[in-house]
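Chain and residue survey
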Amino acid sequence: MTKRLKSVQWAAMRLLMGSAGRLSSGIRIGYRHGFDSGSMLDYVYVNKARGSLGFGRIIDRCYLNAIGWRAIRARRELLKDVLRKEIADRGGRAVVLDVASGPGRYLQDLVEEYPAGAVRVECRDLDPAGLSAGERQARERGLTGIAFARGNALDPGPLADGTAPDVIVVSGLYELLLDDAVIAASVERLRGLLAPGGVLVFTTQTRHPQLEFIAEVLPNRDGVPWVMKCRPVELAERWARDAGYSGVTSRRETVGLFTVTTALR
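Predicted, not measured: the structure shown is a model, and the values here were computed from it.

Moving on, we get to the packing of aromatic side chains. Under the counting rule described, the total for this entry stands at six aromatic pairs. Relative to F35, the ring of Y31 has its centre 5.2 Å away and its plane inclined at 80°; by these criteria the two rings are edge-to-face. In this structure Y31 comes out as partly exposed when scored by relative accessible area, which is 22%. Assessed through its relative accessible area of 0%, F35 is described here as buried. One aromatic cluster is present, built from ring pairs that chain together Y31, F35, Y63, W69 and W226. When the ring centre of F258 is taken as origin, the NZ or CZ atom of R75, which lies over that ring, is 4.6 Å away. If you follow R191 out to its NZ or CZ, it ends over the ring of Y245, 6.0 Å from the centre.

The structure is reproduced here in C-alpha cells:
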C-alpha cells in the first residue's frame, strides 16, 4: 500500500473511531482520559461491554476483545500470581509499592485475599482521576491497608511512614517510554528504595501486532499519538543485572505480548 493510501486509511479510521466508535463506553473513556491511562486499564480489567443504543455494546465488546487488551488482562493474572508468591516467601506479610498504579484494581483484589494488615499497598500515579477511582473502589469494598498518593514513577520517594517496601511494581509503564536509558535509570533508582531482600516486579512488552494502528489512531493521556516500543525481555533482564539485582527471572503471560520480570535486591 502506498504512503498516500495508508494516510487516507488512518484518517478514515480516526474519523470512524471518533464518531461511531464513541457509542462504545470504553472508547469514550479512551478519548476522555487517554487510551493508555489508568482509567482505561481499569475499564479493560472489568471487561464488561457497555455502550449506547445497543450497537455501542457490540462495538465495545469488539474493542475489549482486541489482542492488546486480552494480553493486558492476562498480564494482570500473571502479576497477581507473581505477587502471591513473593508474599508467601515473606511469610504472608508484605509492603507493596506500585509506582504507576492507576486505580490499582488488581492490587485491591490481592489485598482482599489476605487478613487485614497482612499486606499493605501504596498506589501512586500522576492521574488524579485514576487515584480518585481507586480510593472510591477501595472504600466501597471496605478495604484497609491500601493507600493512594500522587507520585512520579520516574522520581519516586520513600513511603510516607519511612518503611522500605518489600515489593515494588512497575506495570504497563516501561513500554510507554521510548528512551531505553530512562528505563535503565528507573530500574537502578528503584533498587535503592527496596528493603534488603526486596524484589522489583516489572513488565515488558516484547511484541504487539497493532503498534501502527495504535500510533496512528489512538491518543494517549497527553492527547498525542500513543506510541509504544517493544523490547526483547533479554534487554530488560540485562538492565536489572547491570543495576545490581540478582535472581533475575521472567515469565510470559498466556497471550504472548508481555513478560513479567522479578529482580531481587
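This part is about the sheet that holds strand β3 (residues 146-150). Ordered by their spatial adjacency, seven strands build an open sheet running β3-β2-β1-β4-β5-β7-β6, and the pairing between neighbours is mixed. Bordering the open sheet on either side are β3 and β6 (246-252), each of which pairs with just one other strand. When strand polarity is set aside, the average angle formed by the axes of neighbouring strands in this sheet is 20°. As paired strands, strand β1 (residues 94-98) and strand β2 (residues 119-125) are joined by five bridges and run parallel to one another.

This next bit is on the environment of S19. One can find S19 in the loop between α1 (3-18) and α2 (25-33). The exposure class of S19 is partly exposed, given its relative accessible area of 42%. Remark: the alpha-carbon pair of S19 and P209, spanning 190 residues in sequence, is separated by 24 Å.

Right, let's get into the UniProt feature "domain: Methyltransferase" (unreviewed entry) in the protein chain. The residues that UniProt annotates with the feature "domain: Methyltransferase" (unreviewed entry) are residues 4-265. Between the end C-alpha atoms of residues 4-265 there is a gap of 51 Å, over a span that is 44% helix and 16% strand.

Attention now moves to the domain arrangement of the protein chain. Partitioning the protein chain into domains gives domain 1 (3-66) and domain 2 (68-264). Inter-centroid distance (C-alpha atoms) of domain 1 to domain 2 is 25 Å. The interface of domain 1 with domain 2 comprises 25 residues on the first partner and 25 residues on the second. Between domain 1 and domain 2 the total buried area reaches about 2,400 Å² when both faces are included, carbon and sulfur atoms providing 60% of it. Of all residues in domain 1, W10, D36 and Y45 bury the most surface against domain 2, accounting for 31% of the area lost on that side. For the pair domain 1 and domain 2, the interface holds four salt bridges. For the pair domain 1 and domain 2, the number of links is 15 residue pairs in polar contact (both at pLDDT 80 or more). With eight residues, the top contributor of residues to the side of domain 1 that touches domain 2 is helix α3 (residues 38-46).

Mapped onto the elements of the fold, K80 is located in helix α5 (residues 67-89). Setting aside its immediate chain neighbours within four residues, K80 contacts Y106, D109 and L110.

The α-helix winds at 3.6 residues per turn, so residues separated by three or four positions along the chain end up facing the same way. Of all nine residues that make up α3, eight are buried, and the element is covered over most of its length. All of the buried residues in α3 are G38, S39, M40, L41, D42, Y43, V44 and Y45. Taken together, the buried residues of α3 touch α2, α4 (55-64), α5, α6 (105-112) and α7 (128-140). Just downstream of α3, N47 is the residue with a positive phi angle, here 60°.

Before going further, it helps to spend a moment on unusual backbone geometry. Of note, the phi angle at N47 is positive, near 60°, even though the residue is not glycine. With respect to the helices, strands and loops of the structure, N47 is situated in the loop between α3 and α4. Look at N47 and you get partly exposed, because its relative accessible area is 27%.

What counts and what doesn't
- Residues numbered from 1 in each chain as written.
- Predicted model: local features only at pLDDT ≥ 70, side-chain atom pairs only at ≥ 80, totals over all residues.
- Heavy atoms only, no water.
- Phe/Tyr/Trp six-rings, centres within 6.5 Å; stacked < 30°, edge-to-face > 60°.
- Buried < 20%, exposed > 50% of the residue type's maximum accessible area, 1.4 Å probe, protein only.
- Lys NZ or Arg CZ within 6 Å of the ring centre and 35° of its normal.
- Pairing = 2+ DSSP bridges.
- Helix = DSSP H or I, 4+ residues; strand = E, 2+ residues; numbered from the N terminus.
- Axes fitted to C-alpha atoms, helices over the stretch in contact; angles between N-to-C directions.
- UniProt positions renumbered as here; feature names shortened; annotations may be inferred.
- Domains from an automatic or database assignment.
- Contact = heavy atoms within 4.5 Å.
- Buried area = accessible area lost by both parts, 1.4 Å probe.
- Salt bridge = Lys/Arg side-chain N within 4 Å of Asp/Glu carboxyl O.
- Polar contact = N/O pair within 3.5 Å; in protein donor to acceptor, adjacent residues only side chain to side chain.

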